[in-house]
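# An overview of the molecular structure
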Amino acid sequence: MDAELNQLLAPVIADLGLELVGIEFAQSGGGSLLRVYIDEPERGVSIEDCERASREISALLDVHDPVAGRYTLEVSSPGLERPLFTTDHFERFLGQQVKIGVNLPIDGRRRFQGRIEAVEGDRITIEQDGKPVAIAHANIAKARLVPDYVALGLAPAPREGGKKPAGPGPRKTKS
């Protein structure tokens with residue numbers, strides 16, 4: 001269904017001057033969630049972009065009805081913990097940290113985190129614990145960037161020795 005939705009939605013989103021990053025569909029008993037990630041690489045995505053895209057996507061889905069049952073449509077920017085859907089996404093973010101969950105275990109593991117080292121064909125190689133791990137793109141269930149919050153100025157830098165910065169600590173009160 002993702003391929004059908006991508007094919008249906010990509011031209012409409014492109015007509016708005018935006019890029020379709022990817023689609024997530026989560027089913028549940030009370031209704032499903034259809035999350036559509038959009039981007040504008042030069043300036044980022046605004047709330048107005050999400051609103052415009054949501055209106056266009058909703059109208060298109062009403063006409064074509066590719067999703068069975070009740071669902072909620074959510075249009076979002078990829079955010080700092082950007083999901084990676086295609087091998088092109090992995091190439092674009094070479095050298096950055098990523099978390100990957102796989103469908104079939106690799107050496108007994110289903111979760112990996114490391115720096116994206118290479119993308120060759122449909123294989124993504126990351127450095128996990130100082131060793132390269134090659135993962136077939138088809139085996140990836142979910143992948144997201146791991147932002148460097150310190151470099152972005154959104155977290156304090158660690159202190160020497162790898163310890164976290166000291167907080168306010170316990171308060172002393174007089175009795």
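Above this text is the structure in question.
A quick note: this is a predicted structure, and the numbers were derived from the prediction, not measured.

### Section: the overall build of the chain
- A count of helical and extended segments in the chain gives three helices and eight strands.
- Ordered by position from the N terminus, the helices and strands of the chain form the series α-β-β-α-β-α-β-β-β-β-β.
- In terms of C-alpha radius of gyration, the chain reaches 20 Å, well past the compact-globule figure of 16 Å for 175 residues.
- Judged by the C-alpha coordinates and their principal axes, the chain covers about 65 × 50 × 40 Å.
- The proportion of buried residues among the 175 residues of the chain is 33%.
- Residue pairs at least 24 apart in sequence account for 52% of intrachain contacts in the chain once pairs closer than 6 positions are excluded.
- Carbon and sulfur atoms provide 49% of the accessible area of the chain, an area that totals close to 11,300 Å².

### Side note on the sheet that holds strand 1 (residues 19-26)
- Strand order in this open sheet of three strands is 1-2-3, and the pairing throughout is mixed. Both outer strands of the open sheet, strand 1 and strand 3 (71-76), are each paired with one neighbouring strand and no more. Taking the axes of each pair of neighbouring strands and ignoring which way they run, one obtains an average angle of 15° across the sheet.
- As paired elements, strand 1 and strand 2 (residues 32-39) share seven bridges and run antiparallel to each other. Opposite L20, over in strand 2, you have I38 as the bridge partner.
- Along the sheet, helix 1 (residues 2-15) makes contact with strand 1 and strand 2, crossing strand 1 at roughly 145°.
- Contacts from helix 2 (residues 47-64) reach strand 2 and strand 3, with the element oriented near 145° to strand 3.

### Some points on the environment of G121
- Its place among the elements puts G121 in the loop between strand 5 (109-120) and strand 6 (123-128).
- Under the relative-accessibility criterion, G121 is labelled exposed at 63%.
- Distance from G121 to H137, taken between C-alpha atoms, is 9.0 Å for residues 16 residues apart in sequence.

### Considering the pattern of salt bridges
- A full pass over the atoms with the stated rule returns eleven salt bridges.
- For R35, the salt bridge identified is with E74, shortest N-O distance 2.6 Å. Within this pair, whereas R35 is found in strand 2, its partner E74 is found in strand 3, the two being separated by 39 residues in sequence.
- The exposure class of E74 is partly exposed, given its relative accessible area of 31%.
- Of the charged contacts, one joins R115 and E127 as a salt bridge, the two residues approaching to 3.1 Å between their closest N and O atoms.

### Brief notes about the nonpolar core
- In terms of nonpolar packing, the biggest core is built from 19 residues, with L9, I13, V36, I38 and I57 touching the most fellow members.
- Every element with two or more residues in this core is listed here: helix 1, strand 1, strand 2 and helix 2.
- Residues within four places of V36 in sequence aside, it is in contact with L9, I13, L20, G22, I23, I57, L73, E74, V75 and S76.
- Core analysis: the next-biggest nonpolar cluster, separate from the first, contains 17 residues, I100, F112, I124 and V133 among them.

Rules behind the numbers
Residues numbered from 1 in each chain as written. Predicted model: local features only at pLDDT ≥ 70, side-chain atom pairs only at ≥ 80, totals over all residues. Heavy atoms only, no water. Helix = DSSP H or I, 4+ residues; strand = E, 2+ residues; numbered from the N terminus. Rg over C-alpha atoms; globule rule 2.2 N^0.38 Å. Buried < 20%, exposed > 50% of the residue type's maximum accessible area, 1.4 Å probe, protein only. Contact = heavy atoms within 4.5 Å. Areas by Shrake-Rupley, 256 points an atom, 1.4 Å probe, with all protein chains shown as cover. Pairing = 2+ DSSP bridges. Axes fitted to C-alpha atoms, helices over the stretch in contact; angles between N-to-C directions. Salt bridge = Lys/Arg side-chain N within 4 Å of Asp/Glu carboxyl O. Core = buried A, V, L, I, M, F, W, Y, C linked by side-chain atoms within 4.5 Å.

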